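Here are the chains, one letter per residue:
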Amino acid sequence: LEVLIAAGVWLAVSLRAPRQSGVALQVPVLPQRRPAPLAGSSRRLAQAPARGLIGAPPGGAARRAAGAEAEAEGEDVGSEAEDLDWRDFRARLVQQEAQKGEGAATAEATAGGGGGGDVDESGGEQSDGWAYATPIIEQGSLLLSAPGDHFAINQQYFHKTVIFIVDHSPNFTKGVILNRPTAFSTGDLRDTLQISAADPLLNSSTDAWNVWCGGDCQGLNSRRSLFDGGVDYCCLHTVERLRPFSNEIIKGAFVIALPEAQRLVEEGEADKDDFLLLVGYCGWGPGQLQRELDRGDSWTLAAADRRQVLGRLREEQASLTQRLEAAIAAPGLDAAAPGAPLARPTAREVGDGIAEWSRLYRALGPRFVEELKNDTETHTDEMLRRWVDACLIPPRYKPSERKQDSDNDFDLLETGTLLRASAKDWVLGKPGYRMRMDTLTADGVPCQYLHKAVLMLAKDYVPRSKDYALVVLLNGPPVGRVEDKDRREVYFGGASSVGGNGNVFEVKGPEPQMLQGMVVVLPRVLEELIDTGALEVVDDMDLQEVLAVPRGERWTAAGGRIETLADAVEARLGDVQKKMWYKRFLGLDLDMVE
């Protein structure tokens, strides 16, 4: 199939520059072992465009490229180009080859979406459209994450995601996630992202518009829009009569500037449900996406027509609106009662997008249908829903989760101070209220290893200063032995390398403990974690008492408790996440070493 695609679409390839190589997204190196590189987009891309396609006029580069493709097609495929663009023509080639090699039934599943919808003999299209896997990265491609637990520990938003490539060049690839609805309206973004009052997102007429999460760059995960190049957003639609105001990405799928979409709605020329308002995007630097595809474990690249990509846009918009309105109207507890929750949407009402991902994955053909039959992994599905709850629901629905004024008024935390991590705040690698903010530690690695951790300050720390907090883990697993005559066991002390001597140091006690690595907490973060209960100061136990207790019992000895059924559920998920973290980053099986 790949040979056929390469041979039959030389025209499409010729219109695009060859792939380039570049620097891949890297994860900081942990002590002694290299973690697997994380897939997906990076907020650290230095040359990402600030606005992408939304500011391009209808006669811009995208339109000129489309015209060049159409002209080239006319030279090689004759009058068929009048009815089919080159992507439709390629789909027909794929279908015809499948019919020759595997029979009509297989061809229908491969090129026609698995349930009909192939391109018919006259060049028309049936209701479901076409989709198939392809090795070619180009504008209009679909990127589907592969089944599995690749994104359980970090970047949970990429789990079972559908990404539409809206722009591709040798230097930069930009895509938007299509199946991550949110409970945000544009009015919620004023406080969340600190957007200028003049920004079109805050136009009063769009307060009721649904906001969809387009990706982790310049979007809802941004700490402050002014720090990362501004908020990036676009509107997608499939309304042919709005073509004069839009840029075409693929045949029948358009991007339009938000002010233009607002004007059309205000003048009655369109309805807000005609548009998918996406905030944020996914970005890859030179050659980065190709390298991720070459690894073969995280992504599947596909080509699909407009109906497969956006054919359900209005249906999805209307369904999201109905779910949110029903959730908000549901009777809640008395909001005046201390700690009482308000009626609020959850991940169930917002939606996790898994059904849409599954539909498109099945559309790629029998091999992909079979993969889904064998996909029994549900833990990462739950991690995605936890991420949705933490990141895609506005703070106004979560008053009990907002940071409260601290009762911890201290001017100094001395060396040797003991800290106990909670059993419910580290499931996603950091507390939920910080999910839209920066990382916690200098190494940038997710912190599931702090679940039920007992820690000790390695140097004095002054709160609200510009100092880093250095802490060491006292109940980490063994990671090796010291190369000396005693061959003493070395235990994991944290993900950051500090100092020399192999990053191994000794903690004095009844039996001296050898630790490797530290946890280097960013300035002003430690007191925030203490304020919110993710960490607690242990006042009634000293270091020697902790070290005298077996490692597996130290969290309980330091006062760790699971008091409610809800806490027990979170603690169990945290246990699984911690084991996955050690397996992925250190290659350790905790079931074997504990």
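Residues numbered from 1 in each chain as written. Predicted model: local features only at pLDDT ≥ 70, side-chain atom pairs only at ≥ 80, totals over all residues. Heavy atoms only, no water.

A. Up close: the nonpolar core. If you look at the biggest cluster of nonpolar residues, it comprises 87 residues, and the most contacted ones within it are Leu-142, Phe-164, Leu-178 and Leu-236. It is helix α14 (residues 379-391) that contributes the most residues to this core, six residues altogether. Setting aside anything within four residues of it in sequence, one finds Leu-142 in contact with Val-162, Ile-163, Phe-164, Leu-178, Thr-300, Leu-301, Ala-302, Ala-304, Val-309 and Leu-360. By size, the runner-up hydrophobic cluster in this structure holds 42 residues, among which are Trp-426, Cys-447, Val-471 and Val-521. (Core = buried A, V, L, I, M, F, W, Y, C linked by side-chain atoms within 4.5 Å. Buried < 20%, exposed > 50% of the residue type's maximum accessible area, 1.4 Å probe, protein only. Helix = DSSP H or I, 4+ residues; strand = E, 2+ residues; numbered from the N terminus. Contact = heavy atoms within 4.5 Å.)

B. A look at the sheet that holds strand β5 (residues 181-185). With respect to topology, six strands assemble into an open sheet ordered β5-β6-β10-β7-β9-β8, the strand pairing being mixed. Each edge of the open sheet carries a strand with a single partner, namely β5 and β8 (247-250). Each strand of the sheet is rotated relative to its neighbour by a mean of 40°, with strand direction disregarded. The strands touched by helix α7 (residues 258-266) are β7 (233-237), β9 (253-256) and β10 (276-279); relative to β9, the strand with the most contacts, the crossing angle is about 100°. (Pairing = 2+ DSSP bridges. Axes fitted to C-alpha atoms, helices over the stretch in contact; angles between N-to-C directions.)

C. Molecular detail of the pairing of strand β13 (residues 418-421). Both faces of β13 are covered, namely the face carrying Leu-418 and Arg-420 and the face carrying Leu-419 and Ala-421. Note that β13 and strand β14 (residues 454-457) share three bridges and pair antiparallel. Looking at the pairing, Arg-420 lines up with Val-454 of β14. Strand direction decides the pairing type here: β13 and strand β21 (residues 535-538), joined by four bridges, are antiparallel. Following the sheet pairing, Arg-420 is matched in β21 by Glu-536.

D. The packing of aromatic side chains, seen in detail. One pass over the structure, following the stated rule, counts 16 aromatic pairs. Aromatic pair Tyr-449 and Phe-492: ring centres 5.5 Å apart, planes at 80°, arrangement edge-to-face. Of this pair, Tyr-449 sits in the loop between β13 and β14 while Phe-492 is found in strand β17 (residues 489-492), placing the two residues 43 residues apart along the sequence. Grouped by ring-pair contacts, the aromatic residues Phe-151, Tyr-157, Phe-158, Trp-299 and Trp-387 constitute a single cluster. One residue, Arg-551, lies across the ring of Tyr-491, its end atom 3.7 Å from the ring centre. (Phe/Tyr/Trp six-rings, centres within 6.5 Å; stacked < 30°, edge-to-face > 60°. Lys NZ or Arg CZ within 6 Å of the ring centre and 35° of its normal.)

E. Looking closely at the pattern of salt bridges. What the rule picks out here adds up to 26 salt bridges. Where Asp-232 meets Lys-174, a salt bridge forms, and the shortest distance between an N and an O atom there is 3.2 Å. Remark: Lys-174 occurs in strand β4 (residues 173-177) and Asp-232 occurs in the loop between β6 (210-213) and β7; sequence separation between them is 58 residues. Of the two residues, Asp-232 and Lys-174, neither departs from the other in class, the shared state being buried. Sharing partners across several salt bridges, the network here consists of Asp-352, Glu-382, Arg-385, Arg-386 and Glu-570. (Salt bridge = Lys/Arg side-chain N within 4 Å of Asp/Glu carboxyl O.)

F. Layout of the sheet that holds β13. Pairing is antiparallel across the open sheet formed by five strands, whose spatial order is β20-β15-β14-β13-β21. Among the strands making up the open sheet, the edge pair consists of β20 (519-521) and β21. Shown here is a sheet whose adjacent strand axes are inclined to one another by a mean of 35°, direction ignored. The pairing of strand β15 (residues 469-473) with β20 spans three bridges and is classified as antiparallel. Across the sheet, residue Ala-469 finds its bridge partner in β20, namely Val-521.

G. Here's a closer look at the packing of α14 against helix α18 (residues 565-586). Contact pair α14 / α18: the axes reach a minimum separation of 12 Å and the direction vectors enclose 115°. As judged from the angle between their axes, α14 and α18 are roughly perpendicular. The two elements α14 and α18 meet at a crossing, and its hand is left-handed. Residues His-379, Glu-382, Met-383 and Arg-386 of α14 lie in contact with α18, whose contacting residues are Val-569, Glu-570, Leu-573, Val-576, Gln-577 and Met-580. The residue inventory of the contact of α14 with α18, partitioned by class, reads five nonpolar, two polar and three charged. (Parallel < 35°, antiparallel > 145°, perpendicular 65-115°, else oblique. Left-handed = near helix turned anticlockwise from the far one by under 90°. Nonpolar A, V, L, I, M, F, W, Y, C, P; charged D, E, K, R; others polar.)

H. Structural view of the environment of Glu-267. Position of Glu-267 among the secondary structure elements: in the loop between α7 and β10. In this structure Glu-267 comes out as partly exposed when scored by relative accessible area, which is 49%. Only 2.8 Å separates the side chain of Glu-267 from the side chain of Arg-263, close enough to count as a polar contact. (Polar contact = N/O pair within 3.5 Å; in protein donor to acceptor, adjacent residues only side chain to side chain.)

I. Structural view of the environment of Leu-412. Residue placement: Leu-412 occurs in the loop between α14 and β13. For Leu-412 and Asp-460, which are 48 residues apart along the polypeptide, the C-alpha to C-alpha distance reads 7.0 Å. Once you skip the residues sitting within four places of it in the chain, Leu-412 turns out to touch Asp-460, Tyr-461, Val-462 and Pro-463.

J. Fine view of the confidence of the model for the protein chain. Across the protein chain, the average pLDDT comes to 77, with 70% of residues at 70 or higher. In the model, residues 104-126 has pLDDT below 50 throughout and makes 69 contacts with residues more than four positions away in sequence or in other chains. This stretch, residues 401-406, has a pLDDT under 50; its non-local contacts, to residues over four places away or in other chains, come to nine contacts. (pLDDT = per-residue confidence, 0-100.)

K. Examining unusual backbone geometry more closely. The backbone of Lys-160 sits at a positive phi, close to 50°, despite the residue not being glycine. You can see Lys-160 is positioned in the loop between β2 (142-145) and β3 (162-168). By relative accessible area, which is 4% here, Lys-160 ends up buried. The residue Arg-524 is not glycine, and still its phi comes out positive at about 70°.

L. Region of the structure containing the pairing of β2. Alternating residues of β2 divide into Leu-142 and Leu-144 and Leu-143 and Ser-145, and every residue in both groups is buried. Bridging between β2 and β3 involves three bridges; their strand directions are antiparallel. Paired with Leu-144 across the bridge in β3 is Val-162. Judged from the four bridges that link them, β2 and strand β12 (residues 299-304) form a sheet pairing that is antiparallel. When the bridges of β12 are listed, Leu-144 appears paired with Thr-300.

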